[in-house]
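Per-entry structural report
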Amino acid sequence: MRILYASSEVFPFAKTGGLADVGGSLPSALERLGHEVKVIMPRYSVIPGDRWEFIKVKDFTLRHGKKEHSLTLWKSRLPGVSVEFLFVSTPLFFNHNGLYSEKGKDHPDNLEGFSLFCRAMLEAPKLLNWKPDILHANDWQTGLVFAYLKTLLRGDPFYRKTGTLFTIHNMAYQGLFPGSNFPKLDLPRNTFSPDILEFYGQINFLKGGLVFADILNTVSPTYSREILTPEFGHGLEGVLQKRRNDLFGIINGADYQEWDPARDSFLPSGYTAGSLEGKSVCKKTLQRRCRFSEKDVPLIGIISRLTAQKGTDLVLDILDELMCLDIQLVILGVGEPDLQEKLRAKAGRYRDRLSVHLTFDEAFAHRVEAGADLFLMPSRYEPCGLNQIYSLRYGTIPVVRKTGGLADTVIDATPSNILSGKATGFMFETASPLSLLTSLRLALCLYKDPLLWKKLVQTAMEADFSWDHSAREYVKLYELALKKVLPRLTV
Ligand code: ADP
């Protein structure tokens, strides 16, 4: 199959979270299965121009929002990767410091920039004369592409046989804009209605995907069920209910080329499940970096966007009690300004046990994954979550809330799971400080038993979340999408 994979962020070119990790690894896994994939994303000015070679494919123009836009299509390759990466640049958009926001404020031109990107996404294959069998787009930034395909390009012979899949990585981010902007989108007036793109008077980009894509999926089976409820559906549970027969859940894979403690170039020493000495070296190096004493106490790591979704406030709630225990805690993250501020204040108070790094640092993320003993992820909701999957591979035992992808990837250390040698982490049900603290205390108790802990670490490291299985699941969804095309061809 020929697959056009569209995402607003793709590792290593641009990343704010797990969306980029998936864009950087699923396409390669699909190519390994024999499919041909082209990835398309915006060429943001923050993507360093000298780190990769960008070859100009073509300059082109698009009339969008009553204006003529000049755009350029670029291509690039990564060493050892057969996938072709396409980029769209335009002088007016994608020229900010962050991808979508800066200092907590959304860019004022997100609507114009990402809707134009959606139009360009449909133009690029034509410029290349490369007809995709499948258009697979991700999250709100690409949601409108399905609306354009099914309205402005309806009946276009180029896309007559193209099946479409929309992947939701997070229901909370919907791309909402004031309804008065609707004329800028060049979409038929009747699509601005509550059963299509309108959401209580606003334009909702995510709905473009939810309503118009042939097949929908989200990034774990549990989250695909959760989003049908008001608690997790963020107001769109009704739309999803209508499409529940077309909605699936596929757990994200991990890119073990990037995340493998045996060959991770960011680490001072590699290690495997069979030889864990290197993990102690990583721990000591991390302790030194955090200015902690190098004693053998449980070292807990957190790498996260600092938001209520990730339960950062729950961590803050238990922090004083946690600091009374003989532990060390390192936090790497950026996020909501008030949470950052509170963490900064706590770090000042507990210098010898708490190290807070309010920055985005890929290399340090790898060092925390390897050097910590436990990884804390008390998310209120978690579509899939990748850090707990990386933690498993790094033998860094995850303590997680039982929700979404966390529930699907971690096996709780219940007495029976411990006895049968299946346990890989600790899980708690309620998003409350007390539940979190109780689960963490249990983990710290088990840490004191070196044999038991080693077994936990080794079982965790052997858990396999490589892309091969999940990529095959995606191919099944592409086949379903193509089945939906057939009746369209006969009318
Ligand atoms: P999200 O909801 O943020 O996408 P995921 O767990 O799916 O959560 O993915 C987060 C990804 O972003 C992981 O690769 C993680 O290591 C990375 N990440 C998050 N915050 C930081 C940070 N401050 N520095 C480096 N990497 C980070």
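Residues numbered from 1 in each chain as written. Predicted model: local features only at pLDDT ≥ 70, side-chain atom pairs only at ≥ 80, totals over all residues. Heavy atoms only, no water.

1. A look at the packing of aromatic side chains
Counted under the stated rule, the structure contains 23 aromatic pairs. Here Tyr44 and Phe94 contribute two aromatic rings whose centre-to-centre distance is 5.6 Å and whose plane-to-plane angle is 80°, an arrangement assigned as edge-to-face. Linking Tyr44 in the loop between β2 (36-42) and β3 (55-64) with Phe94 in the loop between β5 (84-89) and β6 (101-102), this pair joins segments that are 50 residues apart in sequence. Grouping residues by exposure puts Tyr44 and Phe94 together as buried. Each member of the aromatic cluster is reached from another via a ring pair, and the members are Tyr44, Phe94, Tyr100, Phe114, Trp140, Phe177 and Phe205. (Phe/Tyr/Trp six-rings, centres within 6.5 Å; stacked < 30°, edge-to-face > 60°. Helix = DSSP H or I, 4+ residues; strand = E, 2+ residues; numbered from the N terminus. Buried < 20%, exposed > 50% of the residue type's maximum accessible area, 1.4 Å probe, protein only.)

2. Focus on empty space enclosed by the protein
In this structure the tally under the stated criterion is one cavity of 30 Å³ or more. Here the largest cavity defines a volume of roughly 50 Å³. Lining the largest cavity are Phe93, Phe94, His96, Leu99, His107, Asp109, Asn110, Gly113 and Phe114. Residues belonging to the lining of the largest cavity are distributed by class as follows: four nonpolar, four polar and one charged. (1 Å grid on protein atoms, 1.4 Å probe; cavity = no way out; pocket = protein on both sides within 12 Å on 5 of 7 lines; lining within 4 Å. Points joined across faces, edges and corners; volume = space filled by probe spheres on them. Nonpolar A, V, L, I, M, F, W, Y, C, P; charged D, E, K, R; others polar.)

3. Quick word on the site of the ligand
The environment of the ligand is made up of 20 residues, and the closest members are Lys15, Gly18, Asp21, Arg305 and Leu386. One of the backbone nitrogen or oxygen atoms of Leu386 is found 2.9 Å away from an oxygen atom of the ligand. Taken together, the elements giving at least two residues each to the shell around the ligand come down to α1 (18-32), β15 (299-306), β16 (328-335), α11 (362-371) and α12 (387-393). Element by element, the count of residues in the shell around the ligand is highest for β15, at three residues. Mapped onto the domain boundaries, the shell around the ligand takes at least three residues apiece from domain 1 (2-253 + 468-489) and domain 2 (277-464). (Near = heavy atom within 4 Å. Polar contact = N/O pair within 3.5 Å; in protein donor to acceptor, adjacent residues only side chain to side chain. Domains from an automatic or database assignment.)

4. Considerations on the side chain of Thr72
In this structure, Thr72 sits in strand β4 (residues 67-76). Looking at Thr72, its side chain comes within polar contact range of the side chain of Asp59, at 2.8 Å. Those residues in contact with Thr72 that sit more than four places away from it in its chain are Lys56, Lys58, Asp59, Phe60, Phe87, Val88 and Ser89. (Contact = heavy atoms within 4.5 Å.)

5. Some details on the sheet that holds strand β19 (residues 397-401)
Overall, parallel pairing links the six strands, which are arranged β17-β16-β15-β18-β19-β20 in an open sheet. At either margin of the open sheet sits one strand with a lone partner, and together these are β17 (354-357) and β20 (426-428). In this sheet, adjacent strand axes meet at a mean angle of 15° when their direction is disregarded. In the sheet, strand β18 (residues 374-377) pairs with β19 via four bridges, with the strands oriented parallel. Residue pairing in the sheet places Phe375 in a bridge with Pro398 of β19. Along the sheet face, helix α9 (residues 312-322) touches β15, β16, β17 and β18 and points at about 150° away from the line of β15. Where α11 meets the sheet, it contacts β15, β16, β17 and β18, and its direction lies at approximately 145° from that of β15. (Pairing = 2+ DSSP bridges. Axes fitted to C-alpha atoms, helices over the stretch in contact; angles between N-to-C directions.)

6. Some thoughts on the domain arrangement of the chain
One widely used convention gives an interface's size as the accessible area the parts lose upon coming together. Domain parsing of the chain yields domain 1 (2-253 + 468-489) and domain 2 (277-464). Just the C-alpha atoms count here: the centres of domain 1 and domain 2 sit 33 Å apart. Here domain 1 and domain 2 share an interface that buries about 1,400 Å² over both sides, 57% of which is from carbon and sulfur atoms. Contact with domain 2 buries surface across domain 1, with Lys15, Thr222 and Ile251 losing the most and accounting together for 23% of the total. In this structure, the connection of domain 1 to domain 2 is made through one salt bridge. Linking Glu362 and Lys15 is a salt bridge whose minimum nitrogen-to-oxygen distance equals 3.4 Å. Across the contact surface, domain 1 and domain 2 share ten residue pairs in polar contact (both at pLDDT 80 or more). (Buried area = accessible area lost by both parts, 1.4 Å probe. Salt bridge = Lys/Arg side-chain N within 4 Å of Asp/Glu carboxyl O.)

7. Things to note about the environment of Lys484
Mapped onto the secondary structure, Lys484 falls in helix α17 (residues 467-490). Looking at Lys484, the relative accessible area reads 33%, which means it is partly exposed. As for Lys484 and Met427, which are separated by 57 residues in sequence, their C-alpha atoms are 39 Å apart.

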